[in-house]
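# Coordinate inspection notes
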Amino acid sequence: IRRLAEYGFFGAGGVLVGTHAFLAYGNMLGVRWGDASRTQDIDFAHAGKNLSLALPSNIEVQTHDAIESLQMGLLPVSGLSGKSGATYLSPRDPAFRLDFLTTLRRGGAVPYEHPQLHVILQPLKFMEFSLVQVQQAVVFNSGDAVLVNVPHPARYALHKLLVYGEREGTFAAKSGKDLMQAASLLALFRERRKWEVEQAWADLLGRGRGWSSRVKRGISALDRQYPELEIKTWLRSY
């Protein structure tokens, strides 16, 4: 993450998503998450052309060079389209991966080559919802701090519920993490800034029946696993 920041990835509009963003929310909101939040995935997203349009035309970010400079032996993986670079895997540690994501466009799930980031981006359903109201947060390690872009925490939580119903089979364990992260953030925001969740919820429901049916399945699963939060009652009443 630090190396990509040094190469200007976040300055060019890159957004950190996934569990590492969730960990950064702890720093942003002044809370400590439990160890169950940790995975070895590092996911990155970019708002695609929407954010690119706000950038100076001469910005160039050599994302692949940043990855190469780590000297971790990360290898780009070819997708079904034949394009490689949306995912990097480590031959030394198969559990470690870098995913570069973008919003799903009309052309379908065809990987998109970002002209300024110089990296292939894999379109993902509902990602555009998470890339509204992007925030800044800090990621720490033992001797450094890195300023990154992250989705708004309330939108991140609702996005986790959106994708919950899309996961099946081998992704069942990750679905549990999605619910845990969503529950943690929604409980915190209900106590501190509930109107931000309600605004994001209204936006989500306004995006169509497919969006609302999926998120309601996620809400039902969340309510079954964490009934004490009464999330379904709260959001249904809004």
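Residues numbered from 1 in each chain as written. Predicted model: local features only at pLDDT ≥ 70, side-chain atom pairs only at ≥ 80, totals over all residues. Heavy atoms only, no water.

### With respect to the overall build of the protein chain
When its secondary structure is counted, the protein chain shows 10 helices and 9 strands. The long-range fraction of contacts in the protein chain, counting pairs at least 24 apart against all pairs at least 6 apart in sequence, stands at 64%. Entry remark: accessible area of the protein chain is about 12000 Å², with carbon and sulfur atoms responsible for 51%. (Helix = DSSP H or I, 4+ residues; strand = E, 2+ residues; numbered from the N terminus. Contact = heavy atoms within 4.5 Å. Areas by Shrake-Rupley, 256 points an atom, 1.4 Å probe, with all protein chains shown as cover.)

### Digging into helix α9 (residues 209-225)
Here α9 contains 17 residues, and its C-alpha end-to-end distance of 25 Å stays within 8% of the 24 Å for a straight helix at 1.5 Å per residue. Looking only at α9, the buried set comprises W211, S212, V215, G218, I219, A221 and L222. (Expected span 1.5 Å × (residues − 1). Buried < 20%, exposed > 50% of the residue type's maximum accessible area, 1.4 Å probe, protein only.)

### A closer look at the nonpolar core
L158, L161 and L186 are the most contacted members of the largest nonpolar core, which totals 58 residues. If one sorts the elements of this core by residue count, helix α7 (residues 172-192) sits on top with 8 residues. With residues near it in sequence (within four places) discarded, L186 still touches A157, L158, L161, V197, L222, I231 and W234. Residues V17, L101, M127 and L131 belong to the second largest nonpolar core, which totals 5 residues. (Core = buried A, V, L, I, M, F, W, Y, C linked by side-chain atoms within 4.5 Å.)

### Quick word on the environment of A137
Of note, A137 is situated in strand β8 (residues 135-140). C-alpha separation for the pair A137 and A24, spaced 113 residues apart in sequence, amounts to 6.1 Å. Discounting residues that sit within four places of it in the chain, A137 has contacts with A24, M28, V146, L147, V148 and V150.

### Let's talk about the packing of helix α6 (residues 153-164) against α9
Orientation of α6 relative to α9, taken along the N-to-C sense of each, is 95°, at an axis distance of 7 Å. When the axis of α6 is compared with that of α9, the two are roughly perpendicular. On α9, the residues that touch L158, L161, L162 and Y164 of α6 are W211, R214, V215, G218, I219, A221 and L222. The class makeup of the residues in the contact of α6 with α9 is 9 nonpolar, 1 polar and 1 charged. (Axes fitted to C-alpha atoms, helices over the stretch in contact; angles between N-to-C directions. Parallel < 35°, antiparallel > 145°, perpendicular 65-115°, else oblique. Nonpolar A, V, L, I, M, F, W, Y, C, P; charged D, E, K, R; others polar.)

### A look at the environment of A12
Mapped onto the elements, A12 comes out in the loop between α1 (2-6) and β1 (14-17). Residues A12 and Q116, 104 residues apart in the sequence, show an inter-C-alpha distance of 8.1 Å.

### Let's talk about the packing of aromatic side chains
By the definition in use, this model includes 6 aromatic pairs. On the basis of an interplanar angle of 85° and a centroid distance of 5.3 Å, the ring pair of F9 and F10 is categorised as edge-to-face. F10 shares its class with F9; the two are buried. Taken together, the ring pairs in this structure connect F9, F10 and F100 into an aromatic cluster. The ring of F129 carries the charged tip of R155 above its face, separated from the ring centre by 4.6 Å. In this structure, R207 packs its charged tip against the face of W211, placed 5.2 Å from the ring centre. (Phe/Tyr/Trp six-rings, centres within 6.5 Å; stacked < 30°, edge-to-face > 60°. Lys NZ or Arg CZ within 6 Å of the ring centre and 35° of its normal.)

### A short note on the confidence of the model for the protein chain
Confidence in the prediction for the protein chain averages 78 pLDDT; 78% of positions are at 70 or higher. When pLDDT is averaged over each helix and strand of the protein chain, the minimum, 29, is found for helix α3 (residues 49-52) and the maximum, 94, for helix α8 (residues 194-205). Predicted confidence is poor over residues 48-58, with pLDDT under 50, and the contacts of this stretch with residues over four places away or in other chains come to 14 contacts. (pLDDT = per-residue confidence, 0-100.)

### Some remarks on the pattern of salt bridges
One pass over the structure, following the stated rule, counts 7 salt bridges. R193 is the salt-bridge partner of E196, the closest N and O atoms lying 2.5 Å from each other. Note on R193: relative accessible area 29%, which makes it partly exposed. The salt bridge partner of R207 is D203, with a shortest N-O separation of 3.2 Å. With a relative accessible area of 24%, D203 lands in the partly exposed category. One connected set of salt bridges, linked through shared partners, spans R2, R3, E6 and D144. (Salt bridge = Lys/Arg side-chain N within 4 Å of Asp/Glu carboxyl O.)

### With respect to helix α2 (residues 19-29)
Counting buried residues along α2, 8 of its 11 residues qualify, which places the element largely inside the surrounding structure. When α2 is considered as a whole, its buried residues turn out to be T19, H20, A21, F22, A24, Y25, G26 and L29. Two residues or fewer after α2 comes G30, characterised by a positive phi angle close to 75°.

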